[in-house]
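Listed here are the chains, written in short residue letters.
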Amino acid sequence: MAFVNPFAPRRASISDERREALRAAVRAHGDCDGATITLSELACRDQGCAEVETVILITEAKRQSRALRLHKRLSEVTETCIREAIDAGGLRTLE
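Overview of the structure. Computed from a predicted model, the values in this text were never measured in an experiment. Once a new chain begins, its residue numbering starts again from 1 and follows that chain's sequence as written. In view of the model being predicted, local features appear only for residues whose pLDDT reaches at least 70, and side-chain atom pairs are presented and counted only at 80 or more, with totals across whole chains, interfaces and linings using the full set of residues. Based on all heavy atoms of the structure, the side-chain values leave hydrogens and waters out of the count.

The subject of this paragraph is the nonpolar core. Only buried residues count toward a nonpolar core. Its members are Ala, Val, Leu, Ile, Met, Phe, Trp, Tyr and Cys residues joined through side-chain atoms within 4.5 Å. Burial classes: relative accessible area under 20% of the type maximum marks a residue as buried, over 50% as exposed, and values in between as partly exposed (1.4 Å probe, protein chains only). Ranked by size, the top nonpolar core spans 19 residues in total, and within it Ile56, Leu68 and Ile82 carry the most contacts. Taken together, the elements giving at least two residues each to this core come down to helix 1 (16–29), strand 1 (36–43), strand 2 (52–60), strand 3 (63–70) and helix 2 (79–87). Under the DSSP-based scheme used, a helix requires at least four consecutive residues in state H or I and a strand at least two consecutive residues in state E, with every element numbered from the N terminus. Considering every element that reaches this core, the biggest residue donor is helix 2, with 4 residues. Apart from the residues within four sequence positions on either side, Ile56 is in contact with Val26, Ile37, Thr38, Leu39, Arg66, Ala67, Leu68, Leu70 and Ile82. In this analysis, two residues are considered to be in contact whenever any of their non-hydrogen atoms come within 4.5 Å of each other.

Mapped onto the secondary structure, Arg92 falls in strand 4 (residues 91–93). Its relative accessible area of 54% is what places Arg92 among the exposed residues. Note: C-alpha distance between Arg92 and Ala67 (25 residues apart in sequence) is 5.3 Å. In this view, Arg92 contacts Ser65, Arg66 and Ala67; residues no more than four positions away in its chain are not counted. In protein, a polar contact requires one atom able to donate a hydrogen and another able to accept it; more generally it is a pair of N or O atoms within 3.5 Å, and residues adjacent in sequence count only if both atoms are side-chain atoms. There is a polar contact of 3.2 Å between the side chain of Arg92 and the backbone oxygen of Gly89.

Read these as spatial facts, not as claims about activity.
Right, dumping it as structure tokens:
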């Protein structure tokens, strides 16, 4: 019987192709060609927020990490959502 860690992050149920398409959208609009892009679905910590949010983390060697928070499930995120959020200034530098 395999051990299931209840604290491990859940991997959202989207295909690898869909995950790559979303990463490509971040690269196209987020000025991060050589970056590592991580897509995660987390419990939302804000009051009045949906139960789950998608956090897109952009990590680069010579630049501070940046994050984009979208108040929807990863399966609901589209390339248009990403572009609009980045254009609206949603990409934040992490400290």
